[in-house]
Amino acid sequence: MTRTATPAGPARPGFLWAVPAAVFFGLFAVVPLVMVAVLSFAEWDGLSGPRFAGLDNWRTLLDDPVMVKSLWLSVLLTGLGVLVQTPLSILLGVWAAGRQRNRAVLSAIYFLPMLLSIAAVSVLWRAVLDPNLGVPAHATWLFGDGNLFGTQATAIGVLVFVSTWQFTPLHTLIYQGAARAIPQVLYQAAQIDGAGTVRQFFHITLPQLRNALITSVILMVVGGLTTFDTVLILTQGGPGSDTTISAYYMYQKAFKSFDYGAASAVALLLVLVATVISLVVVRLSGYDKMRSTVEGL
């Protein structure tokens, strides 16, 4: 296993170092994706052999109003998650990167939701928000009839809240690391020029967090479009089909209707949508250029 040297820089590891990761990625990402793509053009109930069906699965999905609605709901939940979690994560991340008293203890407590599984968090909040035995049942002055899962608006609000509660710590950690990497000389120069804390935040901190921001947004987009556990446990796609997002619709097609061909088509569509959105974010932000925000690089 050799190391290659470049005239303008230090020696770099050879290609063989990437082989284990490439094999792992190929077996557990590329191969399943190819199989899903093939099944999206087949009719299969999971018992008998797959039968080629051409574009029938795609035509059926495009003509299904629930499928079209589920795609818009997925985009809506993803967009709301980005709008809510991004500013909250940035503020908490910048704060956690400081030297405030008891910061370490408070940060450790705040990061606890990140250690729990999605299923555990969903079961927890389902019990807390239960319309009969939970908090809403004892605070009707705030929650009305107490059934937060009875209307589309409140059910979507619950999904956004629970996702924010669990995943904001992850994105906070990203911004915390990025904020700590900002050269302190920039803040010292700003203080000499008379810039206050707010002005330093908008003119130094935010621009320096640009790469972390794009990374965080892409993770939110991919995670939001593939959300499943939270919907399954909290709302089960209800009321009616008002929270039936594409991932849950895929689950219904595969494990309730035993239509694995249509479910594969939904999965492939989600992959395509997530890829397109991520590429658009990367292209519009200029993140593909990967310019360093560290002074002197």
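Look above for the structure.
What you see is a predicted model, and the numbers here were worked out from it, not measured in a lab.

Caption draft 1: Representation of the nonpolar core in the model. Ranked by internal contacts, the top residues of the largest apolar core, which has 16 residues, are L77, W125, L129, V158, V162, L234 and I245. Take this core: its biggest share by element is five residues, from helix α8 (residues 152-180). Residues contacting V162, with those up to four places away along its chain left out, are V121, W125, T230 and L234. One finds A179, I182, Y187 and A190 within the second-largest nonpolar core, a separate group that totals twelve residues.

Caption draft 2: Spatial organisation of the packing of helix α3 (residues 65-96) against helix α11 (residues 210-225). Closest axis-to-axis distance for the α3/α11 pair is 9 Å, and the angle between their directions is 145 degrees. Every pair of crossing elements has a handedness; the one defined by α3 and α11 is right-handed. Residue-level contacts link S74, V75, T78, G81, V82, Q85, T86, S89 and I90 of α3 to L213, V217, M220, V221, G224 and L225 of α11. Across the contact of α3 with α11, the residue classes tally to eight nonpolar, seven polar and no charged.

Caption draft 3: Fine view of unusual backbone geometry. At the junction of G238 and P239, the peptide bond is cis and its omega measures out at 0 degrees in the coordinates. With respect to the helices and strands, P239 occurs in the loop between α12 (229-234) and α13 (246-255). Positive phi values are uncommon outside glycine, yet Q236 reaches one of about 50 degrees. Its identity is not glycine, yet F258 carries a phi of approximately 55 degrees, on the positive side.

About the criteria used
- Residues numbered from 1 in each chain as written.
- Predicted model: local features only at pLDDT ≥ 70, side-chain atom pairs only at ≥ 80, totals over all residues.
- Heavy atoms only, no water.
- Core = buried A, V, L, I, M, F, W, Y, C linked by side-chain atoms within 4.5 Å.
- Buried < 20%, exposed > 50% of the residue type's maximum accessible area, 1.4 Å probe, protein only.
- Helix = DSSP H or I, 4+ residues; strand = E, 2+ residues; numbered from the N terminus.
- Contact = heavy atoms within 4.5 Å.
- Axes fitted to C-alpha atoms, helices over the stretch in contact; angles between N-to-C directions.
- Left-handed = near helix turned anticlockwise from the far one by under 90°.
- Nonpolar A, V, L, I, M, F, W, Y, C, P; charged D, E, K, R; others polar.

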